[in-house]
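# Close look at the chain arrangement
Here's the letter readout for the chains.
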Amino acid sequence: MSFVEYEELIKEGDTAIIFLGHGSMFPVQVQRGAQTQTKYGVIRHSAHLIGQPFGSRVTCSKGGWVYVLHPTPELWTLNLPHRTQILYSTDISIITMMLELKPGSIVCESGTGSGSLSHAIIRTVAPTGHLHTVEFHQQRAQKAEEEFREHRVDRWVTVRNQDVCKNGFGVSHVADAVFLDIPSPWEAIGHAKDALKVEGGRLCSFSPCIEQVQRTCQALTEHGFIEVTTLEILLREYNVRTANLPMPDLGGALDPLPVLGEAQFKIGVPLKETVGHTGYLTFASKNLF
Ligand SMILES: C[S@@+](CC[C@H](N)C(=O)[O-])C[C@H]1O[C@@H](n2cnc3c(N)ncnc32)[C@H](O)[C@@H]1O
């Protein structure tokens, strides 16, 4: 497996997602001889995982079962070890579209953080594109590199351990798109402009606070970026349920008589905990002239 190419059978070294039930899953690194404990009992990697197709239902030692899923960037985002605050798939989907990412795109990103967005970018730009990602925290940069190797996507990404505001992205005039998720993005706009191709490209900056957005928009305008737009995406999820509604007893005065008892309806109920504000997304284009 890799996070970019689908493979049918689970093999040693793969990352697999163990799905226990609604909203309950975790990743495992498949290793010959290794065991993983779940509330349904033990999963023995050699017997239960290696050689089985992704998507298999695996019976654990206590008789309960789990599904073993092929990894995707979306599943990784929900299961990755957090080393920082991360971006989730709702923001990532609009970032991917508004940055016009596609196979072959060259993208610059900072900071790498926990690599949630990085995995999604890599999947989109492969097999001919590349991600240049910059992280100034040494351990985070190192851990991200390790994960990219484990997930067999390292050929599509270069991690640089440097301060993007001081030293930029380490590349010049190659990028189709730049993405920023750092506390002071306005200090990196000049470097973003330099990283983007001479003929232009797209930029996105993610910031939780409106004051950060104001300073970033100011810097974008000063550096000649155009089409500056800020937006926020809010997701509302629904549970689809069957509701039983009692029919009212209208005293039998109506003709024809209504059927008494219960009526069943399918209804959509918004989840109680709606996701709140994550951040503002500011997009801009580098002008050709
Ligand atoms: C919120 S996290 C990014 C999360 C990432 N977008 C994800 O989806 O996992 C911000 C990261 O930027 C890094 N960072 C902050 N300022 C930086 C700078 N000037 N240069 C490079 N990295 C920086 C931090 O160390 C942190 O890891």
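What comes next concerns the included structure. On a predicted model such as this, the values are computed, not experimentally measured, just so you know.

## Section: the overall build of the protein chain
Secondary structure summary: the protein chain contains eight helices and 15 strands in total. For 289 residues, the compact-globule estimate of 2.2 N^0.38 gives 19 Å, and the C-alpha radius of gyration of the protein chain, at 24 Å, exceeds that figure by more than 25%. Taken along the three principal axes of its C-alpha coordinates, the protein chain extends 80 × 60 × 30 Å. Relative to its full complement of 289 residues, the protein chain shows a buried share of 44%. The contacts in the protein chain between residues at least 6 apart in sequence include a share of 62% that link residues at least 24 apart. Entry remark: accessible area of the protein chain is about 15000 Å², with carbon and sulfur atoms responsible for 54%. Looking at charge distribution, the protein chain has the averaged site of its 25 positive side-chain charges lying 5 Å from that of its 30 negative ones.

## Points about the side chain of Ser 116
Following the sequence through the fold, Ser 116 ends up in helix α4 (residues 116–125). The class of Ser 116 is buried, set by a relative accessible area of 3%. Among the polar contacts made by the side chain of Ser 116, one reaches the main-chain carbonyl oxygen of Leu 87 at a distance of 2.7 Å. Discounting chain neighbours no more than four positions away, the residues touching Ser 116 are Thr 77, Leu 80, Ile 86, Leu 87 and Ile 92.

## A word on the nonpolar core
Residues Leu 49 and Phe 179 are the most contacted members of the largest nonpolar core, which totals 46 residues. The biggest single contributor to this core is α4, with five residues. If we skip the residues at most four places from it in the chain, Leu 49 touches Ile 10, Val 28, Val 30, Ile 43, Arg 44, Val 58 and Val 68. Counting residues in hydrophobic clusters, the runner-up holds 21 residues, among them Val 178, Ala 192, Ala 219 and Ala 284.

## Some points on the sheet that holds strand β1 (residues 15–21)
Read from one edge of the open sheet, four strands run β2-β1-β6-β5, paired in antiparallel fashion. Of all strands in the sheet, those with a lone pairing partner are β2 (24–29) and β5 (57–59), marking the two edges. Sheet twist, expressed as the mean angle between neighbouring strand axes with direction ignored, is 35°. Note that β1 and strand β6 (residues 65–69) share three bridges and pair antiparallel. Counted as the bridge partner of Phe 19 is Tyr 67 from β6.

## Things to note about the site of the ligand
Neighbouring the ligand are 24 residues, the closest being Glu 135, Arg 140, Asp 163, Val 164 and Asp 181. Between the ligand and the protein, one listed contact pairs an oxygen atom with a backbone N or O atom of Leu 117 at 3.2 Å. Measuring from a nitrogen atom of the ligand, one finds a side-chain N or O atom of Asp 163 at 2.8 Å. Isolated, the ligand exposes 610 Å² of accessible area, and the fraction of that covered by the protein chains is 91%. For the shell around the ligand, the secondary structure elements donating two or more residues are α4 and α6 (164–167). Its residues assigned to classes, the shell around the ligand shows nine nonpolar, 11 polar and four charged.

## Looking at helix α8 (residues 210–222)
A rise of 1.5 Å per residue sets the reference length of α8, with its 13 residues, at 18 Å; its end C-alpha atoms lie 18 Å apart and thus fit the reference within 8%. Buried residues of α8: Gln 212, Val 213, Thr 216, Cys 217, Ala 219 and Leu 220, and no others. All buried residues of α8 fall inside an arc of 165° around its axis, so they share one side. Every exposed residue of α8 that faces more than 90 degrees away from the buried side is listed here: Gln 214, Thr 221 and Glu 222. Buried residues belonging to α8 abut α7 (189–195), β11 (201–207), β12 (225–231) and β15 (280–286). Once α8 ends, the next one or two residues include Gly 224, with phi positive near 85°.

Cut-off values and rules
- Residues numbered from 1 in each chain as written.
- Predicted model: local features only at pLDDT ≥ 70, side-chain atom pairs only at ≥ 80, totals over all residues.
- Heavy atoms only, no water.
- Helix = DSSP H or I, 4+ residues; strand = E, 2+ residues; numbered from the N terminus.
- Rg over C-alpha atoms; globule rule 2.2 N^0.38 Å.
- Buried < 20%, exposed > 50% of the residue type's maximum accessible area, 1.4 Å probe, protein only.
- Contact = heavy atoms within 4.5 Å.
- Areas by Shrake-Rupley, 256 points an atom, 1.4 Å probe, with all protein chains shown as cover.
- Lys, Arg positive; Asp, Glu negative; His and termini not counted.
- Charge placed at Lys NZ, Arg CZ, Asp CG, Glu CD.
- Polar contact = N/O pair within 3.5 Å; in protein donor to acceptor, adjacent residues only side chain to side chain.
- Core = buried A, V, L, I, M, F, W, Y, C linked by side-chain atoms within 4.5 Å.
- Pairing = 2+ DSSP bridges.
- Axes fitted to C-alpha atoms, helices over the stretch in contact; angles between N-to-C directions.
- Near = heavy atom within 4 Å.
- Nonpolar A, V, L, I, M, F, W, Y, C, P; charged D, E, K, R; others polar.
- Expected span 1.5 Å × (residues − 1).
- Arc of directions from axis to C-beta.

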